[in-house]
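Close look at the chain arrangement
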Amino acid sequence: MPELEKLQLRNVSHVYVNDHGASLAVDSIDLTIRAGEFVSFVGPSGCGKTTLLHLIAGLLKPARGSVLIDGKPVSEPSTAVGYMLQQDYLFPWRTIRENAELGLKISGRLTKEGAARVHGLLEELELGGTEDRYPHELSGGMRQRVALARTLATEPEMMLLDEPFSALDMHIKLQLEDLVWQTIRRRGQTAILVTHDLAEAAAMSDRVIVLGRNPGHIRLTVESPEQLRSIPPMETRRHADFQAVFERLWSELDHEEQLTSELEERGGQHA
Ligand SMILES: Nc1ncnc2c1ncn2[C@@H]1O[C@H](COP(=O)(O)OP(=O)(O)OP(=O)(O)O)[C@@H](O)[C@H]1O
């Protein structure tokens, strides 16, 4: 039986238009992500990682091509897609419970069951007992877990994670990677992680998409070996086969950096 296609990008290009003119941010992206797959986007700054997430979330419309979720074109943001960012965006004047319930409240789904689900999520994410406290009383890692609870409460089928761990200390970051991975896997959600951390991408994903820039395009895909896919990121990092995946990504991005600076140098000589 063919595996279920959750997300399809078909020949997607995006152009930003502003006072300085038009610029092609991503060009001719073709990509299919299976239901339940965990994929990462890595690549140099400006290669279009966030633009792709915004297109998938329905926050931007492609200039060309189409974005399909479950075979249907994405035309606007939907609660089927959850978004988690580097900043937690908790409201300081709301309690932890109120912050975690916000996604449900905004989408008009804060029922008794919804509130119970939020309570359960806060317990699951080891935030039990913090419900009546305020964000400033919590550590950065705890705040990110509240943001995760808020996103999960709306029961999205797909999670978009835009550098959600990059502002955290290494120790907390490793713990949270594990927690997020386990939570997503348990729910069978499809996930896309944007990160600058190649080890994080290699440890968390089934597949890493390496993007290049000027304009953003897919350079190559690195599949994680089968034996690494079913184990959590912290264990993956200790596995004998992990280093090879990391090295592959490292050498590709190193190559991309060299290529870009050569092109920039040549551009400079012609100027
Ligand atoms: N609102 C905008 N208006 C004009 N150009 C934009 C806008 N947002 C992004 N861009 C341009 O589009 C390209 C892709 O940007 P994007 O933010 O998607 O890249 P990124 O890979 O996420 O970068 P980073 O790793 O630095 O976050 C860049 O050249 C960027 O300058």
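Residues numbered from 1 in each chain as written. Predicted model: local features only at pLDDT ≥ 70, side-chain atom pairs only at ≥ 80, totals over all residues.

Taking strand neighbours across the sheet as the criterion, the four strands line up as β2-β1-β4-β5 in an open arrangement whose pairing is antiparallel. A strand with exactly one partner marks an edge of an open sheet, and here the two such strands are β2 (21-34) and β5 (72-73). As paired elements, strand β1 (residues 5-18) and β2 share ten bridges and run antiparallel to each other. Paired with V17 across the strands is A22, a residue of β2. (Pairing = 2+ DSSP bridges. Helix = DSSP H or I, 4+ residues; strand = E, 2+ residues; numbered from the N terminus.)

Below, the discussion takes up the sheet that holds strand β7 (residues 158-162). Taken in spatial order, the six strands of this open sheet run β6-β7-β8-β3-β9-β10, and their pairing is mixed. The open sheet has two free edges, formed respectively by β6 (81-85) and β10 (217-223), since each of these has just one partner strand. Across this sheet, the average inter-strand angle for adjacent strands is 20°, counted without regard to direction. Sheet analysis places strand β3 (residues 38-42) next to strand β9 (residues 207-212), joined by four bridges and oriented parallel. Opposite V42, over in β9, you have V210 as the bridge partner. (Axes fitted to C-alpha atoms, helices over the stretch in contact; angles between N-to-C directions.)

For the rest of this paragraph, the subject is the site of the ligand. Taken together, Y16, N18, S23, A25, S45, G46, C47, G48, K49, T50, T51 and G216 make up the full set of residues adjacent to the ligand. Elements with a contribution of two residues or more to the shell around the ligand: β1, β2 and α1 (49-57). Of all the elements, α1 adds the most residues to the shell around the ligand, at three residues. Residues belonging to the shell around the ligand are distributed by class as follows: three nonpolar, eight polar and one charged. (Near = placed C-beta within 6 Å. Nonpolar A, V, L, I, M, F, W, Y, C, P; charged D, E, K, R; others polar.)

With that settled, consider the UniProt feature "domain: ABC transporter" (unreviewed entry) in the protein chain. UniProt annotation of "domain: ABC transporter" (unreviewed entry) refers to residues 7-238 when read in the numbering used here. For residues 7-238, the helix share is 35%, the strand share is 29%, and the end-to-end C-alpha distance is 31 Å. (UniProt positions renumbered as here; feature names shortened; annotations may be inferred.)

Structurally, the protein chain comprises domain 1 (5-80 + 156-268) and domain 2 (86-155). Between the C-alpha centres of domain 1 and domain 2 the distance comes to 26 Å. The interface of domain 1 with domain 2 comprises 13 residues on the first partner and eleven residues on the second. By residue number, the principal contributor to the side of domain 1 that touches domain 2 is helix α5 (residues 170-187), which donates five residues. Split into classes, the residues belonging to the side of domain 1 that touches domain 2 amount to eight nonpolar, three polar and two charged. (Domains from an automatic or database assignment. Contact = placed C-beta atoms within 7 Å.)

In terms of burial, β3 is largely enclosed, as five of its five residues are buried. Burial of β3 is two-sided: the residues F38, S40 and V42 facing one way and the residues V39 and F41 facing the other way are all buried. (Buried ≥ 20, exposed ≤ 12 C-beta atoms within 10 Å, placed from the backbone.)

Remark: helix α2 (residues 96-106) packs on helix α3 (residues 112-124), axes separated minimally by 10 Å, with the N-to-C direction vectors making an angle of 125°. Judged by the inter-axis angle, α2 sits oblique to α3. Taken as a pair, α2 and α3 cross one another with a handedness that is right-handed. Residues R97, A100, E101 and L104 of α2 touch α3, and the partners they reach there are G114, A115, V118, L121 and L122. (Parallel < 35°, antiparallel > 145°, perpendicular 65-115°, else oblique. Left-handed = near helix turned anticlockwise from the far one by under 90°.)

Another aspect to go through is the nonpolar core. Of all hydrophobic cores here, the largest spans 66 residues; its most connected members are I56, A149, L160 and I192. In terms of residue count, the dominant contributor to this core is helix α4 (residues 140-153) (seven residues). Shared between two domains, this core takes at least three residues from each, and those domains are domain 1 (5-80 + 156-268) and domain 2 (86-155). Residue contacts for A149: discarding those within four places in its chain leaves A100, V118, L121, L122, L125 and L127. (Core = buried A, V, L, I, M, F, W, Y, C linked by C-beta atoms within 7 Å.)

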